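Chain residues, written in single-letter form:
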Amino acid sequence: MNKLDLMTDEELVVLYAKGNNAAFDVLLNRYKDSIHSYIYFIVRNKELTEDIFQETFVKVIMTIKQGRYTDTGKFKAWITRIAHNLIIDNYRQERCENTISNDDVEVDLLNNIKLCDGTVEDRMVQSQILLDVRKLVNYLPDNQREVLELRYYQDFSFKEIAEMTGVSINTALGRMRYAILNLRRMAEEYHIELSMA
């Protein structure tokens, strides 16, 4: 057995930062399976998993080489958080790119009466409500905002959210409950109407 295999993650990081590439190979072998599985569990796409996996370790390498890694004794959690953030970035980018072009469809989707919802005034009020909610969401504590955004804006299940954020399902549910209570409290406090009725 290689003596590097017996070293802690933090010892290996220090060695790698000093130029010992074999130290990074040990770290990679130690965590590649769990990080790869974590990414695939969320994205459910082999090619995307490979891309995010590679991007994760490129970010790890750059952070260590630039001397920006801070030793907290939780190396695996740190790598998982990088992967998690890259997954979120990917979904945000994907959501922005998923728009419908009227040019690609023979039927005029944008002028179909069956797809209309109410009056222009209704849509303006609805739009203002969504804008107000979005502003209030920004004032939530980070952990509550994260769960709310993953659930409502990105449509993840609570099981997926628990996995992604490294907490139990009950904790994720609790954070969501407090997020909603806080949104209601802030809406009342600032006299913001959150319904069309």
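Definitions and cut-offs
- Residues numbered from 1 in each chain as written.
- Predicted model: local features only at pLDDT ≥ 70, side-chain atom pairs only at ≥ 80, totals over all residues.
- Heavy atoms only, no water.
- Patch = residues over 30% accessible without salt bridge, like charges linked within 9 Å, V, L, I, M, F, W, Y side chains within 5 Å.
- Areas by Shrake-Rupley, 256 points an atom, 1.4 Å probe, with all protein chains shown as cover.
- Salt bridge = Lys/Arg side-chain N within 4 Å of Asp/Glu carboxyl O.
- Lys, Arg positive; Asp, Glu negative; His and termini not counted.
- Charge placed at Lys NZ, Arg CZ, Asp CG, Glu CD.
- Helix = DSSP H or I, 4+ residues; strand = E, 2+ residues; numbered from the N terminus.
- Phe/Tyr/Trp six-rings, centres within 6.5 Å; stacked < 30°, edge-to-face > 60°.
- Buried < 20%, exposed > 50% of the residue type's maximum accessible area, 1.4 Å probe, protein only.
- Lys NZ or Arg CZ within 6 Å of the ring centre and 35° of its normal.
- Contact = heavy atoms within 4.5 Å.
- Axes fitted to C-alpha atoms, helices over the stretch in contact; angles between N-to-C directions.
- Parallel < 35°, antiparallel > 145°, perpendicular 65-115°, else oblique.
- Nonpolar A, V, L, I, M, F, W, Y, C, P; charged D, E, K, R; others polar.

Colleague: Would you mind showing me how to read a negative patch on the surface here?
Modeller: On the surface, a cluster of negative charge is contributed by E47, E50, D51 and E55. Mapped onto the elements of the fold, E50 is located in helix α3 (residues 46–65).

Colleague: Help me understand the packing of aromatic side chains, please; the structure alone is not making it clear to me.
Modeller: In this description, a pair of aromatic rings is defined by centroid distance and the angle of the planes. According to the stated counting rule, one finds eight aromatic pairs in the structure shown. Aromatic pair Y69 and F75: ring centres 5.8 Å apart, planes at 75°, arrangement edge-to-face. Considered together, Y69 and F75 belong to a single accessibility category, that of buried residues. Taking 5.3 Å as the distance between ring centres and 90° as the angle between the ring planes, the aromatic pair formed by Y91 and F156 counts as edge-to-face. One end of the pair, Y91, is in helix α4 (residues 75–97); the other, F156, is in the loop between α6 (142–153) and α7 (158–165), and 65 residues separate them in sequence. Residue Y91 shares its accessibility class with F156, and that shared class is buried. Aromatic rings pair up to connect Y16, F24, F53 and F57 into one cluster. One Lys or Arg, K65, reaches over the ring of Y16 and ends 4.3 Å from the middle of that ring. Positioned above the aromatic ring of Y178 is the side chain of R177, whose terminal nitrogen or guanidinium carbon lies 5.5 Å from the ring centre.

Colleague: I tried to follow unusual backbone geometry on my own but got confused; where do I start?
Modeller: Phi is mostly negative for residues that are not glycine, and the peptide bonds are mostly trans. Its identity as a non-glycine residue notwithstanding, R44 has a phi of 55°, on the positive side. Along the chain, R44 falls in the loop between α2 (21–43) and α3.

Colleague: Which parts of the structure should I look at to understand the side chain of E149?
Modeller: Relative to the helices and strands, E149 is located in helix α6. E149 gets classed as buried once you look at its relative accessible area, which sits at 12%. In contact with E149, other than residues within four places in its own chain, are R92, R134, V137 and Q154.

Colleague: Is there a simple way to explain the packing of α6 against helix α8 (residues 169–189) in this structure?
Modeller: Two elements in contact, α6 and α8, have axes separated by 8 Å at closest approach and are oriented at 100°. By the criterion of interaxial angle, the relationship of α6 to α8 is roughly perpendicular. On α8, the residues touching N143, Q144, V147, L148, R151 and Y152 of α6 are A172, R175, M176, Y178, A179, I180, N182 and L183.

Colleague: Looking at this structure, how should I read the environment of R95?
Modeller: Residue position: R95 is located in helix α4. Counting along the chain gives 58 residues from R95 to Y153, while the straight-line C-alpha distance between them is 9.8 Å.

Colleague: Can you walk me through the packing of helix α1 (residues 9–17) against α3 in this structure?
Modeller: Helix-helix packing is described using two parameters, namely the angle between the two axes and the distance between the axes. Where α1 meets α3, the axes come as close as 9 Å, and the angle between the chain directions of the two elements is 70°. As summarised for this structure, α1 and α3 are arranged roughly perpendicular, according to the angle between their axes. Contact with α1, carried on its side by V13, Y16 and A17, involves I61, I64 and K65 of α3 and no other residues of that element. Class assignment for the residues of the contact of α1 with α3 results in five nonpolar, no polar and one charged.

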